[in-house]
Amino acid sequence: MKGILSIVATPIGNLEDMTLRALRILKEADYVLCEDTRVTGKLLSHYEIDASLVRYDAHASAHVHEEILRDLKEGKHIALVSDAGTPGVSDPGVLLVSQALVEDIKVETIPGPSAVTAAFSIAGVSGNQFVFLGFVPHKKGRQTFFERVAEYEIPVIFYESTHRIMKTFTSLSEVLTSQTVIVARELTKLHEEVVKGSIEEVELYFKEHPDHQKGEFVVIVTP
Ligand code: SAM
């Protein structure tokens, strides 16, 4: 009998954002694959869940995949989480899921938080469409990335880290014309905020508030 691979979304900041089903699955699974045992350990201890944690990150080798697939084929129930949000969305998981599907193993989703949908839900952007581009490339392809962002006719959403957010505003100011930019920062956390305006207004706001340059960011550009 084949096992089950459960892809479990976890909070993007606020530990209360766990679904009842996610809690049950993490309790029931034979083991939980996670990026960082300290991060997931903190979540599990908050909910008094005593699960065995196995490291699975973006560098997981072919051998690690083989072992997990072997366990699944032997009937094990394995849960996969990432540090925050939904695995496979700019996070590890895609390779394991695709290999499990090839092996005809049941893969189930335990949906929950993701920064992309959380940001879109409070962006106040009309229409029901968006394009999600994941992370801004660090070096190669950066210029092309921003040129593409400026050309879309529907809202574009991407992730950016605290280290490069100001650089990204500079790059956007070189390509955007009349678009509106929405910056969703520290979602679900104490300092959650949404800053909306032209790229010049948004850039000025963050220049004037250097303490707000820290944290996690989702950027939305609307035509
Ligand atoms: N899998 C995650 C998801 O479903 O949202 C995304 C993981 S990705 C490695 C991390 C990036 O997501 C951060 O650099 C940031 O751009 C975005 N992010 C994660 N948590 C966030 C939060 N609380 N507020 C704003 N952006 C967040």
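Keep in mind that what you see is a predicted model, and the values were worked out from it rather than measured. (Residues numbered from 1 in each chain as written. Predicted model: local features only at pLDDT ≥ 70, side-chain atom pairs only at ≥ 80, totals over all residues. Heavy atoms only, no water.)

Looking at the packing of aromatic side chains
No. 1: Going through the model one piece at a time under the given rule, you end up with nine aromatic pairs.
No. 2: When the centroid spacing of 4.6 Å and the interplanar angle of 55° are considered together, the rings of Phe 120 and Phe 130 count as tilted. Here the residue Phe 120 occupies a position in helix α5 (residues 115-121), and Phe 130 occupies one in the loop between α5 and β6 (131-135), the gap between them amounting to ten residues.
No. 3: Judged by its relative accessible area of 17%, Phe 120 falls in the buried class.
No. 4: With relative accessibility at 32%, the residue Phe 130 sits in the partly exposed group.
No. 5: Among the aromatic residues, those joined into a ring-pair cluster are Phe 169, Tyr 205, Phe 206 and Phe 217. (Phe/Tyr/Trp six-rings, centres within 6.5 Å; stacked < 30°, edge-to-face > 60°. Helix = DSSP H or I, 4+ residues; strand = E, 2+ residues; numbered from the N terminus. Buried < 20%, exposed > 50% of the residue type's maximum accessible area, 1.4 Å probe, protein only.)

Notes on the site of the ligand
No. 1: Around the ligand lies a shell of 19 residues, among which Val 89, Asp 91, Ser 114, Ala 115 and Phe 217 are the nearest.
No. 2: At 2.8 Å from a nitrogen atom of the ligand is found a side-chain nitrogen or oxygen belonging to Asp 91.
No. 3: A distance of 3.3 Å separates an oxygen atom of the ligand from a polar backbone atom of Glu 160.
No. 4: Considered on its own, the ligand offers 570 Å² of accessible surface; in the complex 91% of this is hidden by protein.
No. 5: Among the elements of the structure, β7 (156-160) and β10 (217-222) are those that each provide at least two residues to the shell around the ligand.
No. 6: A class-by-class count of the residues in the shell around the ligand yields ten nonpolar, four polar and five charged.
No. 7: Taken domain by domain, the makeup of the shell around the ligand includes at least three residues from each of domain 1 (4-110) and domain 2 (115-222). (Near = heavy atom within 4 Å. Polar contact = N/O pair within 3.5 Å; in protein donor to acceptor, adjacent residues only side chain to side chain. Areas by Shrake-Rupley, 256 points an atom, 1.4 Å probe, with all protein chains shown as cover. Nonpolar A, V, L, I, M, F, W, Y, C, P; charged D, E, K, R; others polar. Domains from an automatic or database assignment.)

Things to note about the pattern of salt bridges
No. 1: Tallying each qualifying case throughout the model produces eleven salt bridges.
No. 2: The shortest N-O distance in the salt bridge between Glu 108 and Arg 21 comes to 3.8 Å. Highlighted residues: Glu 108 in strand β5 (residues 106-110) and Arg 21 in helix α1 (residues 20-28), separated in sequence by 87 residues.
No. 3: Among the salt bridges present, the one from Glu 186 reaches Lys 189, with a minimum N-O distance of 3.3 Å.
No. 4: Look at Glu 186 and you get buried, because its relative accessible area is 14%.
No. 5: Residue Lys 189 is classed as partly exposed on the basis of its relative accessible area, which comes to 29%.
No. 6: One network of salt bridges, in which partners are shared, links Glu 186, Lys 189 and Glu 216. (Salt bridge = Lys/Arg side-chain N within 4 Å of Asp/Glu carboxyl O.)

Focus: the side chain of His 65
No. 1: Note on placement: His 65 falls in helix α3 (residues 62-73).
No. 2: Of the polar contacts made by the side chain of His 65, one reaches the side chain of Tyr 56; its length is 2.8 Å.

Re the sheet that holds β10
No. 1: Read across the open sheet, the five strands follow the order β6-β7-β10-β8-β9; overall the sheet is mixed. Taken across any chain shown, the strands that pair with only one partner, and hence form the sheet edges, are β6 and β9 (193-197). Across the sheet, the mean angle from the axis of one strand to that of its neighbour is 15°, orientation sign disregarded.
No. 2: Pairing between β7 and β10: five bridges, direction antiparallel. Paired with Ile 157 across the two strands is Ile 220, which belongs to β10.
No. 3: Strands β6, β7 and β10 of the sheet are contacted by helix α6 (residues 142-151), whose axis makes an angle of about 145° with β7.
No. 4: Where helix α8 (residues 199-208) meets the sheet, its contacts fall on β8 (180-185), β9 and β10, and the angle it forms with β9 comes to roughly 140°. (Pairing = 2+ DSSP bridges. Axes fitted to C-alpha atoms, helices over the stretch in contact; angles between N-to-C directions. Contact = heavy atoms within 4.5 Å.)

Brief notes about the packing of α6 against helix α7 (residues 165-175)
No. 1: It is at 9 Å that the axes of α6 and α7 come closest, and there the two elements cross at 55°. Considering the angle they form, α6 stands oblique to α7. Both α6 and α7 take part in a crossing whose hand is right-handed. Note on element contacts: α7 touches α6 through Lys 167, Thr 168, Ser 171, Leu 172 and Val 175, opposite Arg 142, Phe 146, Glu 147, Val 149 and Ala 150.
No. 2: Here the contact of α6 with α7 is built from residues that sort into five nonpolar, two polar and three charged. (Parallel < 35°, antiparallel > 145°, perpendicular 65-115°, else oblique. Left-handed = near helix turned anticlockwise from the far one by under 90°.)

Brief notes about the pairing of strand β1 (residues 4-8)
No. 1: Burial analysis of β1 places four of its five residues in the buried class, the great majority of the element.
No. 2: Bridge count for β1 against strand β4 (residues 77-80) is four bridges, and the pairing is parallel. Bridge pairing links Leu 5 to Ile 78 in β4.
No. 3: The pairing of β1 with β5 spans five bridges and is classified as parallel. Note that in β5 the partner of Ile 7 across the bridge is Thr 109.

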